[in-house]
Amino acid sequence: MQGFQRYFWYGSGLYRHFTETIWRPLLKAPARSSVLIFFLLSLIAGALISTRLISEPSVAATSAGTAPITTHTTQVYRSKPHIPVKIPKKPPRKKEFPLNCPAGNLTLTCPIDYPTKFEPEDDARTAANACPDYFRWIHEDLRPWKTTGITRDMVARARRTADFRLVIVNGKVYIETVTKAFQTRDVFTIWGILQLLRRYPGLVPDLELMFDCVDWPVIQATHYRGRRGRNAVAPPPLFRYCGNDATLDIVFPDWSFWGWAEVNIKPWETLSKDLKEGNKKVKWMDREPYAYWKGNPAVAVTRQELLNCNVSDKQDWNARVYIQDWIREMQEGYKQSNLADQCIHRYKIYIEGSAWSVSEKYILACDSVSLLVTPHYYDFFTRGLIPVHHYWPIREEDKCKSIKFAVDWGNSHKKKAQEIGRAASSFMQEDLKMDYVYDYMFHLLNGYSKLLRFKPTIPEKAVEVCSETMACPREGNEKNFMMESLVKGPSEKGPCTLPPPFNPAELRALERRKANSIKQVENWEKNYWENQPKQA
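Residues numbered from 1 in each chain as written. Predicted model: local features only at pLDDT ≥ 70, side-chain atom pairs only at ≥ 80, totals over all residues. Heavy atoms only, no water.

A look at the packing of aromatic side chains
- All chains considered together, the criterion is met by 37 aromatic pairs.
- Between the aromatic rings of Phe-381 and Phe-427, the centroid separation amounts to 6.4 Å while the plane-to-plane angle is 40°, which identifies the pairing as tilted. Placement of Phe-381 in the loop between strand E11 (369-373) and strand E12 (392-394) and of Phe-427 in helix H13 (residues 414-431) is noted, with a sequence separation of 46 residues between them.
- On the basis of relative accessibility, which here comes to 1%, the residue Phe-381 falls in the buried class.
- By relative accessible area, which is 7% here, Phe-427 ends up buried.
- Each ring, one from Trp-392 and one from Trp-524, has its centre 6.1 Å from the other, and the planes form 25°; the classification is stacked. Of this pair, Trp-392 sits in strand E12 while Trp-524 is found in helix H17 (residues 504-530), placing the two residues 132 residues apart along the sequence.
- For Trp-392, a relative accessible area of 1% gives the class buried. (Phe/Tyr/Trp six-rings, centres within 6.5 Å; stacked < 30°, edge-to-face > 60°. Helix = DSSP H or I, 4+ residues; strand = E, 2+ residues; numbered from the N terminus. Buried < 20%, exposed > 50% of the residue type's maximum accessible area, 1.4 Å probe, protein only.)

Listed below in structure tokens is the structure:
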């Protein structure tokens, strides 16, 4: 602006013109000077104001809807259609509903202010993504009742081994205890279902089910498959944590996703982050080049056999095996059982206990190559794992030799070994994050509810439970883990989109792929041992 004014007065010649043609006559005619001076000052002031307006886009452009074209010394404006500026919509702050735990020994009641209807804020932000592929097994687990549906009598027959009966009516949860479960398995399973209802209020339909918290499945498929006509009997629908190829139990996420209080294992949402950070402490190439296992061998013969694979004066099977004494660990404050500190070996062994083991997800999340001793059971996500892509298969009948070969192979094929470790960790961090655990629960319960041929009602002996009545009276790890895993408010987006069921050809192709991968490893292992020098 100042440069333009200087140019206006001095560079353009106007200054000399004014001084020579106007001011000099004025000096010679003082009688008329006051009028002319006032007139000239008015002209100069008007010129300055006009110049100021031309150079200010906030005044000229905004009011007239024009756009500036900038030159070296001036700005000229031309008209254009007025286009309103679209200001991005600021996402609303997520509503949170903390637990209301009254001080003192007061009677706890369930809150009445928590939302009862799932109302996403914005359609654009609630577009559902596709669920991971292992969700397709939901269709297979519910297939036994696809044609018959589920009657009240079928549910009643599942009571024989159940620990509790769960009923959901109008978004409220009612529990009838049948048998007290081991430790707090039932407590944290129910807690997880309550968190699902907090995440998706009003979305989980009315239902009634029986839940068995014991490890091994019990609904034998041979008792129900192949029967026709008057002898046909539909199996009782029984929920539990694992299944196998010979049973029809409905597989559900286990209690430890919300914490295992008795052994100080944190909720999965927290622990998965700790494991991710723990993986960064020691790079794969700098880790111990052996296979690591630490656990309780007393629960299964196959684990006791694993102890024979430990290093000794006579033989090194490339395994480093340790016994976990939980009683001593508890007394010493769990200093040696932090799972995030155990990702320091290139290989980690998973071996089942009395049935499936919750340790599998922690082992798979370690960036190490997971050596899976032939599993006989599956949980809700492990059917999505592929041999030699997510893990390395270990033969159960000769596990020591199989472990040695796996470690030697991996140390000779370091790039491929690291890829297997990373694929498993990625699966655990992405496909098994808590968002998907809740979505799996939702789709399973939703599909189960659609099969019911009766209207669920509140049992006479059932008690209503909610997050407040479960968490507030508890102490220690139980309360800490509940507060840590609490869903603080409704989700901002809906559940992921359930993929379609497998068709028979897809199932056969998947089974063939897994079998071929395992067979390939067995052939490599056989050739490896055939080419080893014979010991004298």
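Remarks on the nonpolar core
- Core analysis: the biggest nonpolar cluster contains 102 residues, and Tyr-134 and Tyr-448 have the highest contact counts within it.
- Here this core gets eleven residues from one element, more than from any other, and that element is helix H14 (residues 434-451).
- Excluding its chain neighbours within four sequence positions, the residues that come into contact with Tyr-448 are Leu-142, Ile-150, Val-155, Leu-207, Glu-208, Leu-209, Pro-237, Phe-239 and Ile-250.
- Counting 27 residues, the second-largest nonpolar core is a separate cluster that includes Tyr-347, Ile-394, Ala-406 and Val-407. (Core = buried A, V, L, I, M, F, W, Y, C linked by side-chain atoms within 4.5 Å. Contact = heavy atoms within 4.5 Å.)

Quick look at the environment of Cys-131
- Mapped onto the fold, Cys-131 is located in the loop between strand E2 (75-79) and helix H5 (137-142).
- With relative accessibility at 8%, the residue Cys-131 sits in the buried group.
- Each C-alpha atom of the pair Cys-131 and Asp-439 lies 8.1 Å from the other, and the pair is 308 residues apart in sequence.
- Residue contacts for Cys-131: discarding those within four places in its chain leaves His-443, Cys-496, Thr-497, Leu-498 and Pro-499.

Observations regarding the side chain of Asn-318
- Its location among the elements puts Asn-318 in the loop between helix H9 (301-306) and strand E9 (319-323).
- When its relative accessible area of 8% is taken as the criterion, Asn-318 is described as buried.
- Setting aside anything within four residues of it in sequence, one finds Asn-318 in contact with Tyr-290, Ala-291, Ile-403, Lys-404, Val-407 and Asp-408.

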